[in-house]
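# Architecture at a glance
The lines below spell out each chain.
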Amino acid sequence: MNVRRLIPTAAVASVTVLGLTALSACSSSDAADKDGDGKLNVTASFYPMQYLAKEIGGDHVSVDTLTKPGVEPHDLELSPKQTASLGESDFILYLKGIQPAVDDAIGQSGVKNTVDAAELTELEKHGTGVGHDHGGEEHSEEEHSEEEHGHDEGEAGTDPHIWLDPVKYAEVAEGVGKAMEKADPDHAAAYKKNTKALVKKLDALNTKFEDGLKNTKSKTFITTHSAFGYLAERYGLDQEGIAGVDPESDPSPARIKELQDIAKKDDVSTVFFETLASDKTAKTLATDANLKTDVLDPLEGITDKSKGDDYVGVMESNLAALQKALGAK
């Protein structure tokens, strides 16, 4: 089982300050230019950033997202119109390492108030199997190589899926709130209030996960997309991904055999798939190993297939699915 690693408050503070360096020099006179409606025009790269922008910005922002519902964020290609419109934004919120096309376009946009969520918390490296010890054999980074199990998308091989850990997501929210206060000081009090309310909501969600996953029959879950490394580490679980952090990569026959063995050893009942990527491999593995299937949503987008209307709703559905699969007591 993983040993939960906590980030010292001082470390988070220093990372947050680093992420806001570009904004800290702004004064009221340098505040973002806004349209006639008085709202801060925010462009978010994909749903987890869009949710933060709307929750924190409230009535004082107008939020557009580059990744429309139903589009797999990793594969997004921007249209010329989207690329051109980026330069008209007052504030851009994105997560570097998830969408290469977006990273490139934002780098060329020239927008001053640009915030990379990856700089507002501490990113870590997670393999396909996160800290799992099967029969005394720890799976190393070499064993779960990039060639066999997909590729890591973040900077220097780090895992970018920070929003699936409510604690890290709350750290990002605090940084985004501070950035909005700098970009639009006229409404700083509102942004501060909204940020505080969101962090409280995320703290409550974290408590639900802690309590709900404290006592389970199994600690191991198998998923198509290795997006849940932070969640697994936070709550003492073991993620075993069919693919790596790239949901479209194909596993090797050796990996499939390994997963079948893991399922037997660790009393795994369920193979999870997701709404925005193919479920073919997950269902094949489940059939061959006589396992059930269910949805564990990496929350990269909300569609009519999502089991929840927003971030908190889908995360609560994920919790229920994990409790059922792991035999929560």
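First, a word on what this report is: a plain description of the structure on this page.

Here is what the cut-offs are and how they apply
- Residues numbered from 1 in each chain as written.
- Predicted model: local features only at pLDDT ≥ 70, side-chain atom pairs only at ≥ 80, totals over all residues.
- Heavy atoms only, no water.
- Pairing = 2+ DSSP bridges.
- Helix = DSSP H or I, 4+ residues; strand = E, 2+ residues; numbered from the N terminus.
- Axes fitted to C-alpha atoms, helices over the stretch in contact; angles between N-to-C directions.
- Contact = heavy atoms within 4.5 Å.
- Buried < 20%, exposed > 50% of the residue type's maximum accessible area, 1.4 Å probe, protein only.

Before going further, it helps to examine the sheet that holds strand 3 (residues 91–94). Strand order in the open sheet formed by four strands is 2-1-3-4, with parallel pairing between adjacent strands. Where the open sheet ends on each side, the last strands, each with one partner, are strand 2 (61–65) and strand 4 (114–116). Within this sheet the neighbouring strands show an average axis-to-axis angle of 20°, counted without direction. By the bridge criterion, three bridges tie strand 1 (residues 40–44) to strand 3 in an arrangement that is parallel. Along strand 3, the bridge assignment pairs Val42 with Phe91. The strands touched by helix 3 (residues 47–57) within the sheet are strand 1, strand 2 and strand 3, with strand 2 carrying the most contacts at an inclination of about 175°.

Here we come to unusual backbone geometry. Residues other than glycine seldom take positive phi values, yet Asp267 does so here, at roughly 55°. Topologically, Asp267 is positioned in the loop between helix 10 (253–265) and strand 9 (270–273). For Asp267, a relative accessible area of 40% puts it in the partly exposed group. Residues other than glycine seldom take positive phi values, yet Leu299 does so here, at roughly 60°.

To continue, consider the sheet that holds strand 10 (residues 292–295). Here four strands make up an open sheet; going across it, the order is 8-7-9-10 and the pairing parallel. Looking along the sheet, the strands with just one partner apiece sit at the ends: strand 8 (238–241) and strand 10. Taken pair by pair, the neighbouring strands of this sheet meet at an average axis angle of 35°, ignoring direction. Bridge count for strand 9 against strand 10 is four bridges, and the pairing is parallel. The partner of Phe273 across the bridge, within strand 10, is Val295. Together, strand 7 (220–223) and strand 8 form the strand contacts of helix 10, whose direction differs from that of strand 8 by roughly 150°. In the packing of helix 12 (residues 311–326) onto the sheet, the strands contacted are strand 7, strand 9 and strand 10, and the crossing angle to strand 9 comes to about 160°.

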